[in-house]
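# Structure assessment
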Number of protein chains: 2
Amino acid sequence: MSLKEKLALKARPINDALEKYLKIREPKKLYKASAHIPLAGGKRLRPVMALITCEMVGGDSKKAIPFAAALETIHNFTLVHDDVMDDDDLRHGVDACHTVYGLSTAILAGDTLFAYAFEMIADSDIEDSIKADLVKNVAYIVRKIAEGQQMDINFEEEETVETKEYLEMIRLKTSILFGAAAYGGAKIGGTTEEEARELEQMATNVGLGFQIWDDYLDATASEEILGKPSGSDIRQGKRTLLVIEALNKADDKERKKLIQILDSENTDEDVREAVKIIDECGALEECHRQANGYLDGARKTLSKYPEGEARELFEELLEYMVTRGH
Amino acid sequence: MSLKEKLALKARPINDALEKYLKIREPKKLYKASAHIPLAGGKRLRPVMALITCEMVGGDSKKAIPFAAALETIHNFTLVHDDVMDDDDLRHGVDACHTVYGLSTAILAGDTLFAYAFEMIADSDIEDSIKADLVKNVAYIVRKIAEGQQMDINFEEEETVETKEYLEMIRLKTSILFGAAAYGGAKIGGTTEEEARELEQMATNVGLGFQIWDDYLDATASEEILGKPSGSDIRQGKRTLLVIEALNKADDKERKKLIQILDSENTDEDVREAVKIIDECGALEECHRQANGYLDGARKTLSKYPEGEARELFEELLEYMVTRGH
């Protein structure tokens, strides 16, 4: 079985749970808007990671399904609200929620998904003490994701962004939800707090590698693979890690040219030139190196777990997350 | 001690908890925005109701403080998002969150408050089984509040709104959070599920009376009492219960005049004429009757509890909620 097939198999009970919860009720507009993005697809990486982690510590991953579905619901709530904030029109190859249902209903749909996530956790067939622990952890993580999104918004008004600040932003905005998946899966699987926190750290590092790779892909992969035009981050002038590293590494002339392309209306030709600058100064290679660096620690943590189907799948997933698209 | 003083005394530990949780962290803009409306004041009616209910069933209301603060936080999260949706500029006599911090940060601030509420519940010094039950109930209630807000948005596009639909909208949007306060307070106080549900129903009815009275006040109280110009619902053409009843009761000529005032640019003179129509056709009296009607059942439920400080305060609070401003 290919990794894609294995992931699809793992994602099936998650999709079933999402479809069960997100059925259309009255008022229909609200519930259609709530289901729009979560049921438009997606690889379900976070919930799948929760299930695999649960199995890896010897637990029954069936018990982790509602929690895993809750994480996917949280992820989608943040996507719906982020698209409103960034006024992005497309998501997962479909129109963004606010594009179809308007600003007010999109805000409410995000809130509805947020609420559903906690209903799912509360509905889980797990001990109340673990439920309470996961509620606390997920609520805390959501607040941290909001911090990450606020940092991202702040960056738009700043002249320069340091590598360290950027990494903290993506850690909060993207990576820690992977961490929460592993933590929750491990706790439901019956492991100790200490081991669950180690697995959380491991998955957070995987999430960091994943996001850096995402930035990398945006500049290097084809439109066919991305599902959106290549170089869209550059077109929008975003300070991704690629750009930050290029601004550090490029010589004066190239740096000025890069800033000029980022900060003004730019053509496809300009975007290609920016990618060339980013490549030639070594920033592309540097990001590739950093993405892989985050995985080394993760690989080491994984190697401590008993060999078997779950660990093998996690290792495959990890490699996929920083090689996909190439 | 006056009722106002008694309420202020009950609200003190709630305010302390809110101040403790909502302290300013990095990124400051997000946390300032999150604290802006909750720390701008308010009577804390929902959390106070949770504490009083806890005491009324013989519980220790100290244990209910984090839960009560969570409800106030939920209430404020919905205010922040509603103000974005309705583009209202003022709230509790201060600028709305989005007016000061912008749309994106206001959405994030609402999300942050939502997350904090579940952290507060998880932090409570109560049994895990009750924690899990309250998480489930509050998450469900938030989803229902979103339904109510969506109904309110839908009404703006409808020609006519039926009394029944309007009451269902305010039940969801406003009343059930009072119900959740009483339910949670009662559960923390150690009572049975059955009794807690009865108290939830009682407080939901108080919430209905409260909201109808709010609509009533908007047309009848002075600007000094309201903290905003009198008749602002009419000025905005809102179909409140007053207007719905007036459209049912008024004769053809008055109904046409009222619709004309509601649906066009209107002067202070127009608003006064609308209030006159609403009064003379008996709609004002009808709303007063309905608001009080919701309280009769509530009074009856309360009378079953042992006499004492808690019950007395609840009775006073109930009367205040549908007589305030007159």
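Rules used throughout
Residues numbered from 1 in each chain as written. Chains lettered and ligands numbered in written order. Predicted model: local features only at pLDDT ≥ 70, side-chain atom pairs only at ≥ 80, totals over all residues. Heavy atoms only, no water. Core = buried A, V, L, I, M, F, W, Y, C linked by side-chain atoms within 4.5 Å. Buried < 20%, exposed > 50% of the residue type's maximum accessible area, 1.4 Å probe, protein only. Contact = heavy atoms within 4.5 Å. Phe/Tyr/Trp six-rings, centres within 6.5 Å; stacked < 30°, edge-to-face > 60°. Helix = DSSP H or I, 4+ residues; strand = E, 2+ residues; numbered from the N terminus. pLDDT = per-residue confidence, 0-100. Buried area = accessible area lost by both parts, 1.4 Å probe. Salt bridge = Lys/Arg side-chain N within 4 Å of Asp/Glu carboxyl O. Polar contact = N/O pair within 3.5 Å; in protein donor to acceptor, adjacent residues only side chain to side chain. Nonpolar A, V, L, I, M, F, W, Y, C, P; charged D, E, K, R; others polar. Expected span 1.5 Å × (residues − 1). Patch = residues over 30% accessible without salt bridge, like charges linked within 9 Å, V, L, I, M, F, W, Y side chains within 5 Å. Areas by Shrake-Rupley, 256 points an atom, 1.4 Å probe, with all protein chains shown as cover. Lys, Arg positive; Asp, Glu negative; His and termini not counted. Charge placed at Lys NZ, Arg CZ, Asp CG, Glu CD. Least-squares fit on C-alpha atoms with pLDDT ≥ 70 in both. Axes fitted to C-alpha atoms, helices over the stretch in contact; angles between N-to-C directions. Parallel < 35°, antiparallel > 145°, perpendicular 65-115°, else oblique.

### What to know about the nonpolar core
- Judged by nonpolar contacts, the single largest core of 246 residues is most densely connected at Phe118(A) and Phe118(B).
- Aside from chain neighbours lying at most four places away, what touches Phe118(B) is Phe118(A), Val135(A), Ala139(A), Val135(B), Val138(B) and Ala139(B).

### Considering the packing of aromatic side chains
- Counted under the stated rule, the structure contains 14 aromatic pairs over all chains.
- Judged by centre distance (3.7 Å) and plane angle (35°), the rings of Phe114(A) and Phe114(B) are tilted. In this pair, Phe114(A) is assigned in helix 6 (residues 103-123) and Phe114(B) in helix 6 (residues 103-123), connecting two distinct chains. Judged on exposure class, the residue Phe114(A) and its partner Phe114(B) are both buried.
- Arranged with centres 4.2 Å apart and planes meeting at 5°, the rings of Phe118(A) and Phe118(B) form a pair that is stacked.

### Digging into the confidence of the model for chain A
- Looking at chain A, pLDDT values average 94 and 99% of them are 70 or higher.
- Complex prediction metrics read pTM 0.95 and ipTM 0.95.

### Some thoughts on the interface of chain A and chain B
- With 41 residues of chain A at the contact, the number on the chain B side is 41 residues.
- In this assembly, chain A packs against chain B so that about 3,600 Å² is buried in total across both faces, 67% of it on carbon and sulfur atoms.
- On the surface where chain A and chain B come into contact, there are four salt bridges.
- For Glu119(A), the salt bridge identified is with Arg143(B), shortest N-O distance 2.6 Å.
- In this assembly, chain A and chain B are joined by 14 residue pairs in polar contact (both at pLDDT 80 or more).
- For the side of chain A that touches chain B, the element with the most residues is helix 7 (residues 128-155) of chain A, which contributes 17 residues.
- Tallied by class, the residues present in the side of chain A that touches chain B amount to 22 nonpolar, eight polar and eleven charged.

### Quick word on unusual backbone geometry
All names here are of chain A.
- The omega torsion across Glu26 and Pro27 is -10°, close enough to zero to call that bond cis.
- Among the secondary structure elements, Pro27 is positioned in the loop between helix 1 (3-21) and helix 2 (28-36).
- With phi around 60°, Arg44 is a residue other than glycine that occupies positive phi space.
- Within the element layout of this structure, Arg44 appears in the loop between helix 2 and helix 3 (45-56).

### Side note on helix 15 (residues 283-303) of chain A
Residue and element names in this part refer to chain A.
- Between its first and last C-alpha, helix 15 extends 30 Å over 21 residues, near the 30 Å set by a 1.5 Å rise per residue.
- Among the residues of helix 15, those classed as buried are Ala283, Leu284, Glu286, Cys287, Gln290, Ala291, Leu295, Ala298, Thr301 and Leu302.
- Buried residues along helix 15 sit in contact with helix 3, helix 8 (163-188), helix 9 (193-220), helix 12 (241-249), helix 14 (268-280) and helix 16 (309-321).

### Focus on the pattern of salt bridges
Residue and element names in this part refer to chain A.
- Scanning all chains against the criterion turns up 54 salt bridges over all chains.
- Residues Glu316 and Lys6 are paired through a salt bridge, measuring 2.7 Å at the closest nitrogen-oxygen approach. Note that Glu316 is positioned in helix 16 and Lys6 in helix 1, a separation of 310 residues in sequence.
- By relative accessible area, which is 25% here, Glu316 ends up partly exposed.

### Side note on a negative patch on the surface
- Together, Asp86(A), Asp87(A), Asp89(A), Asp95(A), Glu156(A), Glu157(A) and Glu158(A) make up a region of like negative charge exposed at the surface.
- Inspection of the secondary structure puts Glu157(A) in the loop between helix 7 and helix 8.

### A word on the relation of the copies chain A and chain B
- Here chain A sits on chain B after a turn of 180° about the axis and a move of 0.0 Å along it, with an RMSD of 0.0 Å. Seen this way, the second copy is the image of the first under a two-fold rotation axis. Proximity to the rotation axis, assessed at the C-alpha, singles out Asp128(A) in chain A; its C-alpha lies 2.7 Å from the axis.

### Here we look at the packing of helix 9 (residues 193-220) of chain B against helix 16 (residues 309-321) of chain B
Residues and elements named next belong to chain B.
- Running from N to C, helix 9 and helix 16 point in directions that differ by 30°, and their axes come no closer than 9 Å. Accordingly, the angle class assigned to the pair helix 9 and helix 16 is roughly parallel. Residues Met202, Val206, Phe210 and Trp213 of helix 9 lie in contact with helix 16, whose contacting residues are Phe314, Leu318 and Met321.
- In the contact of helix 9 with helix 16, the residues fall into seven nonpolar, no polar and no charged.

### Brief notes about the side chain of His81(B)
- One can find His81(B) in helix 4 (residues 65-86).
- In this view, His81(B) contacts His81(A), Ile107(A), Asp111(A), Ala106(B), Ile107(B), Gly110(B) and Asp111(B); residues no more than four positions away in its chain are not counted.

### Points about the side chain of Ser61(A)
All names here are of chain A.
- With respect to the secondary-structure elements, Ser61 resides in the loop between helix 3 and helix 4 (65-86).
- Of the residues examined, Ser61 reaches a relative accessible area of 14% and is grouped as buried.
- A polar contact of 2.7 Å, which involves the side chain of Ser61, links it to the side chain of Glu55.
- Every residue in contact with Ser61, bar those within four places of it in the chain, is listed here: Leu51, Cys54 and Glu55.

### A closer look at the packing of helix 8 of chain A against helix 12 of chain A
All names here are of chain A.
- Where helix 8 meets helix 12, the closest approach of the two axes is 10 Å, and the angle between their N-to-C directions is 175°. Considering the angle they form, helix 8 stands roughly antiparallel to helix 12. Along its contact with helix 8, which presents Thr163, Tyr166 and Leu167, the element helix 12 presents Leu241, Ile244, Glu245 and Asn248.
- Looking at side-chain class alone, the contact of helix 8 with helix 12 contains four nonpolar, two polar and one charged residues.

### Here's the deal with the environment of Ser175(B)
All names here are of chain B.
- Tracing the sequence through the fold places Ser175 in helix 8 (residues 163-188).
- A sequence separation of 28 residues divides Ser175 from Ala203, and the C-alpha atoms of the two residues are 7.7 Å apart.
- Ignoring anything within four residues of it in the chain, the contact list for Ser175 reads Ile170, Ala203, Thr204, Gly207 and Leu208.

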